[in-house]
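Structure assessment
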Amino acid sequence: MASPVDSPVSPAVAADRRHVWHPFTQMREYLALPPLVVASGRGGWLTDTEGNTYLDGNASIWTNVHGHNDPDLNAALQAQLAKVAHATLLGLAHEPGAELAALLCELAPIGLNRVFYTDNGSGAVEVALKQSFQYWQLAGRPEKRGVIGLEGAYHGDTFGTMAVGDSGGFHERFRPWCFESTHFPAPVCNEFAGRVHAADDAASLDALARLLESEAAQTACLILEPSVQGAAGMRQQPPGFTRAVAELCRAHDVHLILDEVFVGCGRLGPMFVCAEEGVTPDFLCLAKGLTGGYLPLAATLTRDEIHDAFLGSFSSGRAFFHGHTFTGNPLAAAVALANLRKLRPLIEEGFIAERIAVFGRELARAFAGHPHVRELRQRGLAAALDLQPDGGGSWSADQRAGLQVCQRARDHGLLLRPLGDSLLLVPPLCLSHDELRELVDRTLRAIDDVLPGLTPLS
Ligand SMILES: Cc1ncc(COP(=O)(O)O)c(C=O)c1O
């Protein structure tokens, strides 16, 4: 039988294999696997150049909201395209950028009135960190430089975001070039199907209180992915945890940065997790679902008081010297506006909550007690299945159990990404009840096809 590498390939496959270096990918492994070239999308489905269709089970890396090729988002994009594709925000304004900022401030907790645009989640976090650092300098407290994060945190792959993250395998190599940060222990939580099955944040909050007592005077900010740490494997926090962290930060005069790059824009149900928890952070970072999964755009929201500290004469040097060429691109801003305007009633009228309930029920039906699932976690439209050999134990890392399941899922018309030997299920918010059931059933079939045949480590 011809290997994928020997088979005749399309020009796109040939060019991809010869020239594209894929993100987060062991290229030797990638080149040995059959190619999949996405050609088009509609709703929650993607179609490849061979005409095969797949459910987009990770919402194109956790971004997609209303589906691919959504008529309303397409129309917004086309209307803006007919006006202007790009104009800089350096010293100029444009309508979609201004309108989107106003809408974000209306949707966010009261007090967040200023929006700084970037192009991706890492950029949004970099801006929050730099604004916090500069604020304390401008406030005459330059010794407040430190950053506290939560164990297992992931905030992106730029140097600042790597420095404040704690995702060992991803970033360890670059540690010598990163500034120091401190991490406090994560709480324990397990939730699925609308029920919290385990929750304990006492030790975590106690450790944070002690850390702040000794370090707050030298600490600029604490950064947290509220409610769910996606890249850590959908690690959950007990309800009320964000609020407790916020209260500790306020008591110790330390800025709170909430990184809602993953959990915001309806992913967990509410538009923003912080509003649900009754917390107004000093900085709120948004990306991923902001444009409904259409274009790269991110936003960092902050309070007037922080913005106003940067005001002064030009020669005072108080201005925030940061920006990117495509900061606040008008096409991206126009599609984000259409996305949020369409999403808001779906959240307010309970449609997203209903889908979340269906997703939870389907997951529990298929995977609670499944011999190959060590733990199931689900909150909102974000779930993780930690896989294990029947009877416990583990496989070797090079067996790539999670990847093998994802490869098999393609044969069942489903696209998923593994995280080691966990599967992360993050569907577009628009999936119907039947599609959510399909997502779960296809995942189950792939697991049952692959895992019984793998020999565990002895
Ligand atoms: C919580 C969180 N913050 C930041 C990022 C980085 O976003 P980006 O990949 O757009 O730079 C991610 C990406 O997964 C994320 O999950």
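Residues numbered from 1 in each chain as written. Predicted model: local features only at pLDDT ≥ 70, side-chain atom pairs only at ≥ 80, totals over all residues.

A word on the sheet that holds strand β19 (residues 422–425)
The antiparallel open sheet is built from 4 strands, whose spatial order is β15-β16-β19-β18. For this open sheet the edge positions go to β15 (373–379) and β18 (417–419), each flanked by a neighbour on one side alone. Sheet twist, expressed as the mean angle between neighbouring strand axes with direction ignored, is 25 degrees. By the bridge criterion, 6 bridges tie β15 to strand β16 (residues 382–387) in an arrangement that is antiparallel. The residue of β16 that forms the bridge with Gln378 is Ala383. Packed onto the sheet, helix α14 (residues 351–367) meets β15 and β16 and runs at close to 175 degrees relative to β15. Together, β16, β18 and β19 form the strand contacts of helix α15 (residues 401–411), whose direction differs from that of β18 by roughly 170 degrees. (Pairing = 2+ DSSP bridges. Helix = DSSP H or I, 4+ residues; strand = E, 2+ residues; numbered from the N terminus. Axes fitted to C-alpha atoms, helices over the stretch in contact; angles between N-to-C directions. Contact = placed C-beta atoms within 7 Å.)

Structural notes on helix α13 (residues 330–348)
Between its first and last C-alpha atoms α13 spans 27 Å; for 19 residues at 1.5 Å apiece the expected length is 27 Å, and the two agree. Listed as buried for α13 are Pro330, Leu331, Ala332, Ala333, Ala334, Val335, Ala336, Leu337, Ala338, Asn339, Leu340 and Leu343. Residues of α13 that are buried in the fold lie against α4 (71–81) and α5 (95–107). Following α13 by one or two positions, Gly350 has its phi on the positive side, about 90 degrees. (Expected span 1.5 Å × (residues − 1). Buried ≥ 20, exposed ≤ 12 C-beta atoms within 10 Å, placed from the backbone.)

Some remarks on the domain arrangement of the chain
Size of an interface, as often reported, equals the accessible area lost when the parts are brought together. In terms of domain boundaries, the chain breaks down into domain 1 (1–35), domain 2 (44–69 + 352–453) and domain 3 (73–347). Measuring from the centre of the C-alpha atoms in domain 2 to the corresponding centre in domain 3 gives 27 Å. The partner domain 3 presents 28 residues to the 30 residues of domain 2 that form the contact. Of all elements in the fold, only α3 (59–62), α14, β15, β16 and β19 reach the threshold of two or more residues within the side of domain 2 that touches domain 3. The greatest single-element share of the side of domain 2 that touches domain 3, amounting to 8 residues, is contributed by α14. Broken down by class, the residue content of the side of domain 2 that touches domain 3 amounts to 17 nonpolar, 9 polar and 4 charged. (Domains from an automatic or database assignment. Nonpolar A, V, L, I, M, F, W, Y, C, P; charged D, E, K, R; others polar.)

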